[in-house]
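If you want the building blocks of each chain, they are given just below.
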Amino acid sequence: MLKVTVTPPTTDNGAIQCLFNNLDFFLSHQSEILSVPEYCNILVKGCFVAGLYVGGHHLYLGDLLNLWETTAWHTGDRYYYSIIGSPLSGRNQAHYWDNTQKKICVAPYSNGKQGFAGLWIPASKHIERTLLVTNAGTNIRPSVSKLDIYTLLSQLKQVSK
């Protein structure tokens, strides 16, 4: 019997907690974050979409903000930030911030019969739109910012004073 698995990328729980402890602040500065590539392309380790046979992608802060605004990555009080699963069976494990309970939760994503595809499809379409075409004609993701979520929070708070 052949067994195929997908290993999730490493997670920085402190950075994820910082993001969600300051969620309202980051959402209120969304337009500024999205307009500055150094802010938009911040990688928060543990924010990703990955699946068997389809591969995986890290999600930058800007990706999350866009997905939360326009897709099922934000539903009610749930702000999804990662999912790993199978497009064939729909089985998955999703991580989300429950904004009512103020805590991180893990549960399968289910939106009717979609399962994994319910979050994979909008994320993959978003990532496809953000690809850069290099001189060699290859599509690549924008470079990861040298800033981290903590530095961004500090910089935005200084500007907001």
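Scope of this entry: the structure provided in the associated data block. None of the values given here were measured: they were computed from a predicted structure.

1. Topic: the overall build of the protein chain
Next, step 1: When its secondary structure is counted, the protein chain shows seven helices and eight strands.
Next, step 2: Against the 2.2 N^0.38 benchmark of 15 Å for 161 residues, the protein chain shows a C-alpha radius of gyration of 16 Å, consistent with a compact globule.
Next, step 3: Its C-alpha atoms give the protein chain principal-axis dimensions of roughly 60 × 50 × 25 Å.
Next, step 4: Within the span of the protein chain, comprising 161 residues, buried residues form 42% of the whole.
Next, step 5: Here the contacts in the protein chain between residues at least 6 apart in sequence split such that 59% fall between residues at least 24 apart.
Next, step 6: Total accessible area computed for the protein chain in this model is approximately 9000 Å², and 51% of it derives from carbon and sulfur atoms.
Next, step 7: Averaging the locations of the 13 positively and 10 negatively charged side chains of the protein chain gives two centres separated by 9 Å.

2. Side note on a nonpolar patch on the surface
Next, step 1: A surface patch of nonpolar side chains, about 360 Å² in accessible area, is lined by Tyr53, Val54 and Leu88.
Next, step 2: Along the chain, the position of Val54 falls in the loop between strand 1 (43-51) and strand 2 (55-60).
Next, step 3: A residue is classified by how much of its surface remains accessible, and Val54, at 33% relative accessible area, is partly exposed.

3. Considering helix 6 (residues 117-130)
Since one α-helical turn is 3.6 residues long, residues separated by three or four positions face the same way.
Next, step 1: Here helix 6 spans 19 Å end to end across 14 residues, near enough to the 20 Å set by a 1.5 Å rise per residue.
Next, step 2: Listing the buried residues of helix 6 in full gives Gly118, Leu119, Trp120, Pro122, Ala123, His126 and Ile127.
Next, step 3: Here the buried face of helix 6 lies against strand 1, strand 2, helix 5 (61-70) and strand 4 (78-85).

4. Focus on the pattern of salt bridges
Next, step 1: Scanning the entire structure with this criterion turns up one salt bridge.
Next, step 2: Between Arg141 and Asp63 there is a salt bridge, with the nearest N and O atoms lying 2.5 Å from each other. Remark: Asp63 occurs in helix 5 and Arg141 occurs in the loop between strand 8 (139-140) and helix 7 (149-160); sequence separation between them is 78 residues. No difference in accessibility class separates Arg141 from Asp63, as the two residues are buried.

5. Some points on the pairing of strand 1
Next, step 1: The buried count for strand 1 comes to seven of nine residues, which makes it a mostly enclosed element.
Next, step 2: Examined bridge by bridge, strand 1 and strand 2 share five bridges and lie antiparallel to one another. Opposite Val49, over in strand 2, you have His57 as the bridge partner.
Next, step 3: If you look at the hairpin formed by strand 1 and strand 2, you'll find three residues sitting between the two strands, and Tyr53 has a positive phi there, around 70°.
Next, step 4: In this structure, strand 1 lies alongside strand 4, joined through four bridges in parallel fashion.

Cut-offs and rules
- Residues numbered from 1 in each chain as written.
- Predicted model: local features only at pLDDT ≥ 70, side-chain atom pairs only at ≥ 80, totals over all residues.
- Heavy atoms only, no water.
- Helix = DSSP H or I, 4+ residues; strand = E, 2+ residues; numbered from the N terminus.
- Rg over C-alpha atoms; globule rule 2.2 N^0.38 Å.
- Buried < 20%, exposed > 50% of the residue type's maximum accessible area, 1.4 Å probe, protein only.
- Contact = heavy atoms within 4.5 Å.
- Areas by Shrake-Rupley, 256 points an atom, 1.4 Å probe, with all protein chains shown as cover.
- Lys, Arg positive; Asp, Glu negative; His and termini not counted.
- Charge placed at Lys NZ, Arg CZ, Asp CG, Glu CD.
- Patch = residues over 30% accessible without salt bridge, like charges linked within 9 Å, V, L, I, M, F, W, Y side chains within 5 Å.
- Salt bridge = Lys/Arg side-chain N within 4 Å of Asp/Glu carboxyl O.
- Expected span 1.5 Å × (residues − 1).
- Pairing = 2+ DSSP bridges.

Shape descriptors only; they carry no functional weight alone.
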